[in-house]
Structure formats: C-alpha cells, structure tokens
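Observations on the model geometry
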Amino acid sequence: DEPIGSLLLFLRMTVGGISFGIVFGMLLLAILFMLSKRLLAEENVIQVAATITVAYLNYYVADAVFGTSGIIATVVLGYLIKSLGTINDMELMENFWALVEHLLNTLLFSLGGTVWGSIISNSITSGRAGHFAGVDWLYLLLLFVFVNVIRLVLFILFYPITSRIGLKTDMAETLFSSFAGLRGAVGISLAIALDHEVWSLSENEKARESSSKVFGMVGGIAFLTLLLNGTLSACVLNSLGLTRCTETRKKILKFYTESINKQILDDFIHMLSQDRFSHVDFGFVRYHLPLLRNLTFSELEEAVVENRNSVPTSKYKTPNLKHILPYFADEVGEGSLYRLASSLQPSHEKLESVGLPRKHRMLDIHHIEQRKIFVELLKKAYISQIDRGELDGRLGFVRYKLMAGLNQIEKEVESGRQLCDWEMCRKISESWLSRIKEFPVKMASIASRCVQKKGPTGTCGLARTPMEQIIFILSFVRAHKEAQASFLGQFGGSGSSLGSNCEVILESDSEISQAMKELQAFDADIVQVTVSHFFCISLLNKRARIVESYKSRGLMTEREANEIVEEIEHQITHILHCQRKLHPGEMTREAKSKAFSIRRAFSMRQA
C-alpha cells in the first residue's frame, strides 16, 4: 500500500500542478490578449500587474487549497506565457520582474539568514539549544563536497545531450555551469516552509531537532556556495578560457570603439557651438578624456564638416574654437586655416524647418496659456538634459532645485503671474530643506574618497557650492533657450503675434539675464574650470549612453558594455574630485597669447 500511496502522491503533485498551471495560464493569456492596446500606457501597467497577480493566485490555489505542487504549477504557467503571451511593453515587464526578483531574494535570504543564525548559534530563546552540534559542521562540509560532485556527475552524464541541442554547450561551459550553478534560493524557501510547518504542527522535540538540522544544512550549503563558489568563479572562468575573446570579436569591438569615439567627437564639436561652453579649454578635455588626447587637426576638421552637414541651416551655429586651436599650433598652416574657416560656414542647401504645419502657425494665444505651454517646454528641456547626461545626479542638488522651482512656478502661472522660475529656484536654494538635502551629497563624497584606492584628498571639486551654482545657472539658461526655440518653432511663424517680442519670450529673456548676472559675479577662472569639467562629464555620460544603446541593440554583450561603462564611471569620479586649476598639457595664458596670431589669422579667414 505504501508504494501505491507514494505513486498517487507523486501523480497528484505533478499532474495536478501541471493542470493548474495550464488552467491559470489560459486565464492569463486571455487577460493579456484583451489588454493588447500597446499605445495605452495604462493597459501596459495592468498587464504587468496581471502577471504577478495570476502567478501568485495560481501558486496559492494549487499548493494551499488543493495540495498539489505550486512550484510546478507556476513553472508551467511561466512557460505558457513565455511561449504564447502577447506583451505590449517587454522592457517594462522585464524591469518589473527584475525588481520583484531582487526584492524577494533579499527578503528570502534575510529571513533564511535570521533563522539559520539562530540554528547554528543554538539559540536558547528560540528553543533550538543543542540542535546543531559540532559534528554537524563536519557533516555540512562533507555534504557540500558531495553535492558539488553529484552535480558535476549529472552535468557530464547529460553532456552528450546538451552538446547537441539548443545552444550546444561545450565541455568548458558544462564544467563552469556545474561549478557556479548552486545558490540555494529554492532550497532555503522550502526549508523555511518545512521548518515552519514542523514547529507549528508538532510538539515532538526529535522532529523539531531534525527540522533544525535540515535547515542548518540547507543554509550552510547556500553560505558555502556564496563564499567559495562565488569567490572562485572568476578564477575558474579564466582557467577554462571562457573570458578570452576571439580575434574576430576583438576586431568587432575595435570597430565599435572607433564608431563610439567618432560619435563623441561629433558631440564635442556640436557642444562647442553652445554659448555656455564657449570657455571650455581643450587642455582640460584632453586630460580628463583619454579618447581625445591624440586628436589631430585633420580629425578636428573632419568633425567640423560633419557637424555642419548634419545640422539644418536654420539651427546651425558656428562652433567656438578659440580655446581649441592654440593646441594645434604645430599643425596649423595657411591652407589648413582656410579649409577650416570654410568648413565652419553654414551650408547653402535649404533645409525645411521642423515644426507644426503652416496653418497651425497663425495662432493667437492668451498670455496665461503662453506661459503654461512655455513651462511644459521648460520641463521637457530639463528632462532632455537629464537624458543627455548633462544633469548628472552626482552634481549636487542641481536637478532637484531646477525641477522644484519649475513645480512652484506652475501654480504661479495659473494664477496669472509672470514667469519667475529664477526667483523660485533661488528661494529653494536658500531654504533649510535644500541645506538638509546637501548633507547626503557630502557624505557620499566622503564615502567615495574612502572607497577609492588613490582618491584625491580635499572636498569634492564639483560638489562645492560655487561649482554647483555655476552648473545650476548654465543648465537653467540652456533650458530657457531650448524652450524659446521650441516655442518659436511651433507658434512663431509669419502672421502670428507670437514672435520674438511676445510677452513670454521677453519674460524668459529677463529670467536669463538675472541668471547670467549672477554668473558674472563669479571669478572668471572658477567659471572656466567648472565649465570645462562640466563639459567633460557631459561628454562621458553621452559616451555611456551610446555604449548602453549598443548593448540594448545586441551589438555588445553585457560584460563588454559594463567594462566600458565602469571605465567611464571611474573617469567621471576622477573629474568630480579634481582639484587642479592647471592640468598637465594645458596651455598657460602666456602660451595661448603666443598662439593668438593663429586665432587672428583664423578669424580673418572666416571674414
């Protein structure tokens, strides 16, 4: 009777679990199909909520209500959704489940670690005194060895199959999978459930002691796996040759790197056309951005031509090269100056301006509506700066002050008041709340210097108040200029009263004037140092985003992209802590004055 009972239990757990997985899988497939309008953000969110709701409902009904295997039911459900499900926003779904996985793993290991700690310490208060004796540690080590050996044997036995199906693994990958596969999340969760059930339903001390020993072994396996297998994984990977790139892959990565560097050089020239970066010194840039240290004059000229050809004539601005050309004094001749000056002239090809159709440019809008639209454009400009990496979260609380000021001005505009976001930003900067919020930045700066092996001493260069305020002003002015261009591009066509003299544009100009007046109060050298550092950080963040796009498009593996991004993060950290006023390779004022003839000749060629 006992074998028959075991067989029936096995069938109930497996067949029952599969059945519930299929039933709830069909239910979830129907829900996902009904929510298939991918352009509606609300339905995308409901799809995500439906997956976690049905998954846990499936587990509860299968396991707690009907006594079948909830794990098997959940696995079958997941397989059906992966194979047949229609997901509107896959990125949203993957990010949500990645977060859920991280939170639940953290909760699981925290809870399991607490119980395991009480077991191995033979806690008297928890009633586990003497449950895990000294000899059990020897059994734990032997069990750990046996588990790894058994896992290795199983992988080798199945190697003839795994080497011929799917991605066709090789022996090196099989050995590493065997070594690095153990962790214990499922084991710990089952051990927690078993231990809770035994201690809740049984008063038998022997049963409780056995439950504690099982939990102690499972927790010990997880601990040793993280301690030994996790620590040695890099060494095993290297010894098996799994980290080596093929020559073909090296050539591909070199090509990608060159392509990324070219895009950064194009961004470098394009950013020099912005007024806020007119004081950027190439000496700073070369010191902090190794990829531009070997820049030649011909490459600079090529990038200038590319920038001119890629920007519409109506939006083209000449890059400011007055602090760049002195560093190419040895390469610059009359012919080179003539070519470069010609390259800076806008193309005569007529390009269509981008905006609303002409019939929508004849609008007359009330002043309050003008300001509401302009505030939204300002918000979009700030978000664009964040997306471009210009408003880095490590630059103090620049982002907080700008966005908080904008939120305040929305209420003022609705009541009929003029634009006054500079005044609002200044009040927020001087408020006690802003001063409290600066404390974590200072703590993060101290912690960052402690972690770095050779970190510079002193306070963080770009987190100091004058530096932060200068970047704050530059970002504020840039956002207003971008908002003005967008506003006039949409509503400032011929026949419209919303030209450059309309009220909201004049108010914005007034805000810019107030900000620039405060900027002029700073020492010119401090402004130049800050702007140059800010310029370098913006370029590095752009490079990081390009690398991330390569990874998302499948051109780079996660490991390859992470190596480049880690290098970029190290360079940004170095800039944030840079205290130099004169960098190695930077020209002094005297040296620049000697090269003034180059700039004068260049200006004459432009004229």
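Residues numbered from 1 in each chain as written. Predicted model: local features only at pLDDT ≥ 70, side-chain atom pairs only at ≥ 80, totals over all residues. Heavy atoms only, no water.

Let's shift gears to the overall build of the chain. Of the regular secondary structure elements, the chain holds 23 helices and 0 strands. Taken over 607 residues, the chain has a buried fraction of 40%. A sequence separation of at least 24 residues applies to 79% of the contacts in the chain between residues at least 6 apart. Of the roughly 33,800 Å² of accessible surface on the chain, a fraction of 62% belongs to carbon and sulfur atoms. (Helix = DSSP H or I, 4+ residues; strand = E, 2+ residues; numbered from the N terminus. Buried < 20%, exposed > 50% of the residue type's maximum accessible area, 1.4 Å probe, protein only. Contact = heavy atoms within 4.5 Å. Areas by Shrake-Rupley, 256 points an atom, 1.4 Å probe, with all protein chains shown as cover.)

Moving on, we come to the confidence of the model for the chain. Confidence in the prediction for the chain averages 82 pLDDT; 83% of positions are at 70 or higher. Long-range and interchain partners of residues 349-364, a stretch whose pLDDT sits below 50, account for 30 contacts in this model, where long-range means more than four residues apart. Here residues 451-463 is a poorly scored stretch, pLDDT under 50, and it has 29 contacts once near neighbours within four places are set aside; other chains count. (pLDDT = per-residue confidence, 0-100.)

What follows deals with the pattern of salt bridges. According to the stated counting rule, one finds 24 salt bridges in the structure shown. Close ionic contact of Glu563 with Arg559 constitutes a salt bridge, the shortest N to O distance being 3.1 Å. Here Arg559 and Glu563 lie together in helix α21 (residues 558-576), a separation of 4 residues that amounts to about one turn. With relative accessibility at 47%, the residue Glu563 sits in the partly exposed group. The partly exposed category is assigned to Arg559, whose relative accessible area is 40%. Salt bridges sharing partners connect three or more residues here, namely Arg276, Arg388, Glu390, Arg478 and Glu482. (Salt bridge = Lys/Arg side-chain N within 4 Å of Asp/Glu carboxyl O.)

Once that is clear, we can look at helix α12 (residues 297-310). The end-to-end C-alpha separation of α12 is 20 Å, in line with the 20 Å expected for 14 residues at 1.5 Å each. Three or more residues of α12 are buried, namely Phe297, Leu300, Glu301, Ala303, Val304 and Asn307. Across the axial projection of α12, the buried residues extend over an arc of 160°, all falling on one side. (Expected span 1.5 Å × (residues − 1). Arc of directions from axis to C-beta.)

This structure, assessed with the given rule, holds 16 aromatic pairs. Ring geometry for Tyr256 against Tyr550: centres 5.4 Å apart, planes inclined by 80°, an arrangement best described as edge-to-face. With a gap of 294 residues between them, Tyr256 in helix α10 (residues 247-272) and Tyr550 in helix α20 (residues 524-552) connect regions that are remote in the sequence. Since its relative accessible area comes to 12%, Tyr256 is described here as buried. Ring centres 6.1 Å apart and planes at 65° place the aromatic pair Phe297 and Phe328 in the edge-to-face group. Taken together, the residues span a long stretch of sequence, with Phe297 in helix α12 and Phe328 in the loop between α12 and α13 (334-344) at a distance of 31 residues. Assessed through its relative accessible area of 3%, Phe297 is described here as buried. Taken together through their ring pairs, the aromatic side chains of Phe268, Phe277, Phe282, Phe297, Tyr327, Phe328, Phe534 and Phe535 make up a single cluster. Over the ring of Tyr550 we find Arg553, and its NZ or CZ is 5.0 Å from the ring centre. (Phe/Tyr/Trp six-rings, centres within 6.5 Å; stacked < 30°, edge-to-face > 60°. Lys NZ or Arg CZ within 6 Å of the ring centre and 35° of its normal.)

This paragraph deals with the nonpolar core. Counting residues in hydrophobic clusters, the biggest one holds 81 residues, and the most contacted among them are Phe268, Val285 and Phe535. If near-sequence neighbours (up to four positions away) are discounted, Val285 is found in contact with Phe268, Val280, Leu292, Phe535 and Cys536. (Core = buried A, V, L, I, M, F, W, Y, C linked by side-chain atoms within 4.5 Å.)

Now for unusual backbone geometry. For Asn122, which is not glycine, the phi dihedral falls at a positive 50°. Residue position: Asn122 is located in the loop between α4 (90-120) and α5 (134-157). Take Asn122: its relative accessible area is 23%, and that puts it in the partly exposed class.

It is worth spelling out the packing of helix α2 (residues 41-65) against α4 at this point. The N-to-C vectors of α2 and α4 enclose an angle of 40°; their axes lie 10 Å apart at closest approach. Classified by the interaxial angle, the pair formed by α2 and α4 is oblique. Here the hand of the crossing between α2 and α4 comes out right-handed. Where α2 approaches α4, its residues Asn44, Val45, Gln47, Val48, Thr51, Ile52 and Tyr56 are matched on the opposing element by Leu92, Met93, Phe96, Trp97, Val100 and Leu104. Counted by class, the contact of α2 with α4 contains 10 nonpolar, 3 polar and no charged residues. (Axes fitted to C-alpha atoms, helices over the stretch in contact; angles between N-to-C directions. Parallel < 35°, antiparallel > 145°, perpendicular 65-115°, else oblique. Left-handed = near helix turned anticlockwise from the far one by under 90°. Nonpolar A, V, L, I, M, F, W, Y, C, P; charged D, E, K, R; others polar.)

Its 17 residues give helix α19 (residues 503-519) an end-to-end C-alpha distance of 25 Å, which sits within 8% of 24 Å, the value for a rise of 1.5 Å per residue. Within the span of α19, buried status applies to Val504, Ile505, Glu507, Ser508, Glu511, Ile512, Ala515, Glu518 and Leu519. Viewed end-on, α19 has its buried residues packed into an arc of 160°, placing them on one side of the element.

Where α2 meets helix α3 (residues 70-84), the closest approach of the two axes is 8 Å, and the angle between their N-to-C directions is 145°. In this structure, the crossing between α2 and α3 has a hand that is right-handed. Contacts between α2 and α3 involve Val54, Ala55, Asn58, Tyr59, Ala62 and Asp63 on the former and, on the latter, Gly70, Ile71, Ala73, Thr74 and Leu77. Residue composition of the contact of α2 with α3, grouped by class: 7 nonpolar, 3 polar and 1 charged.

Attention shifts here to the environment of Glu369. Mapped onto the elements of the fold, Glu369 is located in helix α14 (residues 367-387). The partly exposed category is assigned to Glu369, whose relative accessible area is 37%. When the C-alpha atoms of Glu369 and Glu414 are compared, they prove to be 8.6 Å apart, with 45 residues separating the residues in sequence.

Position of Glu43 among the secondary structure elements: in helix α2. Here Glu43 sits buried without a salt bridge, and the closest side chain of opposite charge, Lys37, lies 4.4 Å off (N-O distance). Setting aside anything within four residues of it in sequence, one finds Glu43 in contact with Met34, Leu35, Ser36 and Lys37. (Lys, Arg positive; Asp, Glu negative; His and termini not counted.)

On to the side chain of Asn58, then. Note that Asn58 resides in helix α2. On the accessibility criterion, Asn58 (0% relative accessible area) is buried. Ignoring anything within four residues of it in the chain, the contact list for Asn58 reads Phe20, Gly21, Phe24, Ala73, Thr74 and Leu77.

Here the focus is the environment of Leu226. Secondary-structure assignment places Leu226 in helix α9 (residues 205-239). The sequence separation of Leu226 and Leu182 amounts to 44 residues, and the corresponding C-alpha distance is 8.6 Å.

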